[in-house]
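Tertiary structure, described
Each chain is listed here by its residues.
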Amino acid sequence: MAAPDDAPAPRPAATARPLTRVLTEAARLVVVGALLAAASGILRGVPTTTAILGETPTTCGAPLQARPEVAWIEQGEARPLLDDAQVTFVDARPRDVFEAGHVTGAVNVPMDTGAIDAAATQWMQGTRTIITYCDTNGDCASSKRLAGLLAEAGLPDVRVLRGGMPAWLENQYPAEAGPCRACP
Amino acid sequence: MPRVPVMPRLPAKGRTALVWGARLALAAVFLGAAVPKLGDPVAFARDIDHYHLVPAPLLGPLAVGLPLLEALVGVALVTGVHAQGAALVALVMLLSFAGGMVQALARGIDLDCGCFGSALAARVSGFTVARNLGLAALCLPVLFLRPGAVDARPEDSSAPPGA
């Protein structure tokens, strides 16, 4: 029997429900990904919490894997060095945060752009030890990057202050507010 | 008022080029992001942990699963098998990552984004958020455009047939 002329034409199967098709494709990919992850977990193992967090018991995160010459320095170890003229504390935080409060006598080399200028490294060339710090609510990315750049520039002994400024203040070690007095 | 969307007005060749370009660019990014993470899942798990979003027991499984899903999405986009589904997964992932970055910035968390594992360290910033949103926008042509398809719709679908 012929269909009446005014009957609606059937929609092509390929375009009938594009949203359903896309969702089905996405679901398949996620399921395959989960199966692959399960297989990988069985064959290669899944990183344990201890392995992941074992080296990060404090607020500062992972060590500088790419730069083994840059070492951590603990708060108690860093405090006596504040009185040593051959040691420079370098604050990696933005200028306004630095001015709100910083380690006494520290210089500010903000890591806003992820780079440092030649003047800063040249100014620090005569320094025996450099200690970088930032706010460590995370993995100390700024102080680590700054330390890496300073080590790359040829400075001999660069360390990253574990715990950064928050721990320094918690320990009630000397701090001051205001603009940088000795910035390069 | 004629209901003519902007995208379908592109010529068929332009649409094909746009979809292919978006697919290849996204595939390159996803495969490039997956490989270093697959090589060092512990480091990637630490990167995830720095966002302070994921409970510790989920870090390991996520560090194994996410790069595999990224790799799968990359392969699907290159081969064209389930490409639209892959674009949808990519879109959701990119927007989720951007959301994670925004919350980190809002909470003052200073961290590397971990976007490309240890291969390309980049501190989370407005730039990394914008980069993710740009990549998310690249998913849209793959999702909504049919490469080479001829747009047979009349310019004004409200006009009566034969008018």
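Residues numbered from 1 in each chain as written. Chains lettered and ligands numbered in written order. Predicted model: local features only at pLDDT ≥ 70, side-chain atom pairs only at ≥ 80, totals over all residues. Heavy atoms only, no water.

A count of helices and strands for chain A gives eight helices and seven strands. Counting every position in chain A, which comprises 184 residues, the buried fraction comes to 39%. Of the contacts formed within chain A by residues at least 6 apart in sequence, a portion of 73% connects residues at least 24 apart. Carbon and sulfur atoms form 59% of the exposed surface of chain A, whose accessible area is close to 9,900 Å². (Helix = DSSP H or I, 4+ residues; strand = E, 2+ residues; numbered from the N terminus. Buried < 20%, exposed > 50% of the residue type's maximum accessible area, 1.4 Å probe, protein only. Contact = heavy atoms within 4.5 Å. Areas by Shrake-Rupley, 256 points an atom, 1.4 Å probe, with all protein chains shown as cover.)

The tally for this structure, following the rule as stated, stands at two aromatic pairs over all chains. For the ring pair A:W168 and A:Y173, a centre distance of 4.9 Å and an interplane angle of 75° mean the geometry is edge-to-face. Since its relative accessible area comes to 0%, A:W168 is described here as buried. One aromatic cluster in this structure is built from A:F89, A:W168 and A:Y173. For the cation-ring pair, B:R23 lies above B:W20, with the distance from its terminal atom to the ring centre recorded as 4.2 Å. (Phe/Tyr/Trp six-rings, centres within 6.5 Å; stacked < 30°, edge-to-face > 60°. Lys NZ or Arg CZ within 6 Å of the ring centre and 35° of its normal.)

Now for the confidence of the model for chain A. Confidence in the prediction for chain A averages 79 pLDDT; 77% of positions are at 70 or higher. Low pLDDT, under 50, characterises residues 55-63 of chain A; the stretch is placed with 27 contacts to residues that sit more than four places away or in other chains. (pLDDT = per-residue confidence, 0-100.)

This part takes up the packing of helix α1 (residues 12-39) of chain B against helix α4 (residues 83-106) of chain B. Residue and element names in this part refer to chain B. Two elements in contact, α1 and α4, have axes separated by 12 Å at closest approach and are oriented at 55°. Between α1 and α4, the interaxial angle falls into the category oblique. Two packed elements cross with a definite hand, and for α1 against α4 that hand is left-handed. Of α4, the residues touching α1 (which contributes R23, L26 and F30) are A83, A90, M93 and L94. Considering only residue class, the contact of α1 with α4 consists of six nonpolar, no polar and one charged. (Axes fitted to C-alpha atoms, helices over the stretch in contact; angles between N-to-C directions. Parallel < 35°, antiparallel > 145°, perpendicular 65-115°, else oblique. Left-handed = near helix turned anticlockwise from the far one by under 90°. Nonpolar A, V, L, I, M, F, W, Y, C, P; charged D, E, K, R; others polar.)

Residue and element names in this part refer to chain A. Here T121 shows up in helix α6 (residues 118-123). By relative accessible area, T121 is classed as buried at 11%. The spatial distance from the C-alpha of T121 to the C-alpha of E152 is 10.0 Å, given a sequence separation of 31 residues. Residues in contact with T121, not counting those within four places in the same chain, are I116, L150, A153 and L155.

Confidence in the prediction of chain B, expressed as mean pLDDT, is 83, and 82% of residues score 70 or more. Taken as a whole, residues 150-163 of chain B scores under 50 in pLDDT and shows ten contacts with residues more than four places along the chain or in a different chain.

Another aspect to go through is the sheet that holds strand β4 (residues 107-108) of chain A. Two modes of strand pairing occur in sheets, parallel and antiparallel, and in both the strands are linked by backbone hydrogen bonds. Strand order in the open sheet formed by five strands is β1-β6-β5-β2-β4 (chain A), with parallel pairing between adjacent strands. The sheet is open, and its two edges are formed by β1 (71-73) and β4 of chain A, each paired on a single side. (Pairing = 2+ DSSP bridges.)

Residue and element names in this part refer to chain A. With five of its five residues buried, strand β5 (residues 129-133) lies for the most part within the structure. Bridge analysis of strand β2 (residues 87-91) against β5 gives five bridges, and the strand direction is parallel. The partner of F89 across the bridge, within β5, is I131. As paired elements, β5 and strand β6 (residues 158-161) share three bridges and run parallel to each other. When the bridges of β6 are listed, T132 appears paired with V160.

The next subject is the interface of chain B and chain A. Taken together, the contacts link 37 residues of chain B with 38 residues of chain A. Around 3,000 Å² of area is buried between chain B and chain A when both sides are counted, 62% of it from carbon and sulfur atoms. The interface formed by chain B and chain A includes zero salt bridges. Summed over the shared surface of chain B and chain A, the result is four residue pairs in polar contact (both at pLDDT 80 or more). Elements represented by at least two residues in the side of chain B that touches chain A include exactly α2 (41-49), α3 (56-79) and α4 of chain B. Counting residues per element, the side of chain B that touches chain A draws most heavily on α3(B), which supplies eleven residues. Taken together, the residues that form the side of chain B that touches chain A break down as 22 nonpolar, eight polar and seven charged. (Buried area = accessible area lost by both parts, 1.4 Å probe. Salt bridge = Lys/Arg side-chain N within 4 Å of Asp/Glu carboxyl O. Polar contact = N/O pair within 3.5 Å; in protein donor to acceptor, adjacent residues only side chain to side chain.)

Moving on to the side chain of A:S143. All names here are of chain A. Along the chain, S143 falls in helix α7 (residues 141-152). By relative accessible area, S143 is classed as buried at 1%. The contacts of S143, once residues within four sequence positions are left out, are A92, T132, Y133, C134 and V160.

We now examine the packing of α1(B) against α3(B). Residue and element names in this part refer to chain B. Orientation of α1 relative to α3, taken along the N-to-C sense of each, is 150°, at an axis distance of 8 Å. On the basis of the axis angle, α1 is roughly antiparallel to α3. Like other packed secondary-structure pairs, α1 and α3 cross with a definite hand, here left-handed. Where α1 abuts α3, its residues W20, R23, L26, A27, F30, L31, A33, A34, K37 and L38 lie against P67, L68, E70, A71, V73, G74, V75, L77, V78 and T79. Tallied by class, residues from the contact of α1 with α3 come to 15 nonpolar, two polar and three charged.

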